[in-house]
Each structure stands twice: as structure tokens, then as C-alpha cells.
Amino acid sequence: MKVNPVDGSIDLPDHVDSSGVKPMSYEEEQLIRVFYEQKIQEVCTAFKFPHKIQATAIIYFKRFYLQWSVMEHQPKNIMLTCVYASCKVEENHVSAEELGKGIQQDHEIILNNEMVLLKSLDFDLIVYAPYRSIEGFIDDLEGFCRAGNGAFQRLEELHQMAISHADKMMLTDAPLLYTPGQLALAALHKCNDILKVFDFERYLETIFSRQHSNCTIEQFVQSINAINYLVDQLKMPSVKDMRHLDRKLRHCWDPSSRDEHKKKEKKSKHKSKRTSTDAQL
């Protein structure tokens, strides 16, 4: 099976009936990717990996599916391989066997997909995430708040909330479109609107006064608003959505499974109907 890169249609071998196969739409693929990106976060949390490994794995996953469709490579397998590769790159090595055992998956799947992943990334494995930038801005804000509005004691609360907001950002396209510094300031801006820890506009002015930038404050604020808009528009798939999408995805991989699924549904309906008749008798 091949996916046409132009219109997303599926080219099947001659011996397979393609009349009942419908390819995934862009919106459906997006929901599947978001689901597995969230699973990366859950796996990394379960293994107590640092945020940098989690962010690296998610960016690898995003970049991989810029070139491929979920109809071509099983996203669950690629997800696990991204976590494994990010552990290597960030020098927090975990063996494939240990990772597979921890999540009850065959480690051979991870190893078999490793080279596919690395080739798709063009072996460009150094990536940057907003978490370290958030820490840097929090350290800088200590001096700003001490000299300004005296909100030093609330910075830690702002820090933790900004990290949680950055986790949501990582599920959008923002990490592919904006720099870590822009993502970090967008997270701080959003959270500061809630906590009211410091004067964000005045702090932004102090940042721009310390460096020569071609970007104006107004342009930078537009970028921040665009990032937070992406987060606000983020749609998380429900359990019902994933059941439907998973079934449709399996039909794309194996069109014959559609007929098997229909047979099971028909048999199940017939069985329930017969049970109802027996109950009446």
C-alpha cells in the first residue's frame, strides 16, 4: 500500500479491493498525532525522565510525521522509538529491552524502527525546548521582582504553572514554528495573566533594552499571542474519537480487516437478537 503525497489517496495492489477504503483526513491524522504525543508525555512521566527527554521525543515525532503519514508508519511504534532515541541523545540511556518491558511492548519494534526514524530526521538530532528558557527567565525575574513589585515569593508558583502550559504547547505546531525563547515567554505571559506576579509589558521592555533586535515589541507580542492561540485551539481526542480513528487506521493498513469487522458486528447483532427472542419465549 502506498499513499499519494499529493492528494492523500491510497494506491493498493491490484488484488485488493479498494472500494471500501477511505484514507485518513488531515484533521483525523492530526488527532492521532496529538494522542500519541500525549502518550509520549505519559511514558516519560512514568519513567521519571526529565522534561528535556520528553520534549526531544515529541519534536522527533512531529518532524517524522512531517514526511510520513500515520497510514504508512504505525504511530505507536514510532512513538516508542522517539522516546528511545531521545534518551540516547540526551545522555539518559535506557536500553530498548528496559523501555519495552516497562510499557509491555516488544523491544524489537523499537530497534527495527530506529534507523527509519534517524533517516527521516536526516540525523539532525539536536533540538531545543522551552523548559530551560523558562528557568532562565524565572532566574532573571528574581532580580526584576526584587527591584520592582516585590512578588519574589510567587515566582515558583509561576514557574510550575508555566511548565504545565509549555507541556500543552508541545502538543501544538508551535515548537516547529517558534523559538524556545518565544515559547517560554508565551507560557509566562499566559500564566502571569492568571497569577498577576509581575508587570509583563515592563519586563518585556527591559529585555528589549538589553539587546539589539530587528523585531519590535509589538511584533514579539503578536508572536506570543499566536502561540497562545494555537494552545487555545488545541483539540484533544476523546476515547470515542480514538476508537473510530484506530478502526479506520487499521482498515487503511489492511483493507481486508474491514470485512472481518463487519462480520463480527453482524454476528454480534444476530447473537443479541437471538438472546432477546429467547428471553421473550
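Up top is the structure these notes are about.
Worth saying up front: this structure is predicted, and the values here are computed from it rather than measured.

K.L.:
Even after reading the chapter, I still don't get the overall build of the protein chain, so can you show me in this structure?
P.N.:
Across its full length, the protein chain holds 13 helices and two strands. Put simply, the protein chain has 281 residues, and 42% of those count as buried. Pairs at least 24 apart in sequence give 72% of the contacts found in the protein chain among residues at least 6 apart. With the model as given, the accessible surface of the protein chain reaches about 16,500 Å², and the carbon-plus-sulfur share is 50%.

K.L.:
Any chance you could explain the environment of Glu97 here in plain terms?
P.N.:
Within the secondary structure, Glu97 sits in helix H4 (residues 96-102). Taking the C-alpha atoms as reference, Glu97 lies 9.1 Å from Ile110; in sequence the two are 13 residues apart.

K.L.:
What exactly am I supposed to notice about the nonpolar core here?
P.N.:
Within soluble globular proteins, side chains that are nonpolar generally end up buried alongside one another. Val83, Leu158, Leu185 and Phe198 are the most contacted members of the largest nonpolar core, which totals 73 residues. Residue contributions to this core peak at nine residues, all from helix H2 (residues 51-67). Excluding its chain neighbours within four sequence positions, the residues that come into contact with Leu185 are Phe137, Phe200, Tyr203, Leu204, Ile207, Phe220 and Ile224.

K.L.:
Where do I start with the pattern of salt bridges in this structure?
P.N.:
Pairing between side chains of opposite charge can happen when their charged atoms approach one another. Under the definition given, this model contains nine salt bridges. Arg33 is the partner of Glu29 in a salt bridge, and the nearest nitrogen-oxygen pair spans 3.8 Å. Of this pair, Glu29 and Arg33 both sit in helix H1 (residues 26-46), four residues apart, which is roughly one turn of that helix. Comparing Glu29 with Arg33, the two get one shared label, buried. The partner of Lys62 in a salt bridge is Glu37, and the shortest N-O contact between them spans 3.0 Å. On the criterion of sequence distance, the pair formed by Lys62 in helix H2 and Glu37 in helix H1 is long-range, its members being 25 residues apart. The exposure class assigned to Lys62 is buried, which follows from its relative accessible area of 6%.

K.L.:
I tried to follow the packing of helix H7 (residues 155-169) against helix H9 (residues 180-195) on my own but got confused; where do I start?
P.N.:
At their nearest, the axes of H7 and H9 sit 8 Å apart, and the two run at 125° to each other. One element, H7, and the other, H9, form an angle in the oblique class. Between H7 and H9 lies a crossing of right-handed hand. On the side of H7, the interface is formed by Glu157, Leu158, Met161, Ala162, His165 and Met169, while H9 contributes Leu183, Ala186, Ala187, Leu188, Lys190, Cys191, Asn192, Ile194 and Leu195. Here the contact of H7 with H9 is composed, by residue class, of eleven nonpolar, two polar and two charged.

K.L.:
Explain a nonpolar patch on the surface to me, please; I cannot follow it from the model alone.
P.N.:
A cluster of nonpolar side chains, namely Leu66, Leu176 and Leu177, defines an oily patch on the protein surface of about 300 Å² accessible area. Along the chain, Leu66 turns up in helix H2.

Reading the values: the criteria
- Residues numbered from 1 in each chain as written.
- Predicted model: local features only at pLDDT ≥ 70, side-chain atom pairs only at ≥ 80, totals over all residues.
- Heavy atoms only, no water.
- Helix = DSSP H or I, 4+ residues; strand = E, 2+ residues; numbered from the N terminus.
- Buried < 20%, exposed > 50% of the residue type's maximum accessible area, 1.4 Å probe, protein only.
- Contact = heavy atoms within 4.5 Å.
- Areas by Shrake-Rupley, 256 points an atom, 1.4 Å probe, with all protein chains shown as cover.
- Core = buried A, V, L, I, M, F, W, Y, C linked by side-chain atoms within 4.5 Å.
- Salt bridge = Lys/Arg side-chain N within 4 Å of Asp/Glu carboxyl O.
- Axes fitted to C-alpha atoms, helices over the stretch in contact; angles between N-to-C directions.
- Parallel < 35°, antiparallel > 145°, perpendicular 65-115°, else oblique.
- Left-handed = near helix turned anticlockwise from the far one by under 90°.
- Nonpolar A, V, L, I, M, F, W, Y, C, P; charged D, E, K, R; others polar.
- Patch = residues over 30% accessible without salt bridge, like charges linked within 9 Å, V, L, I, M, F, W, Y side chains within 5 Å.

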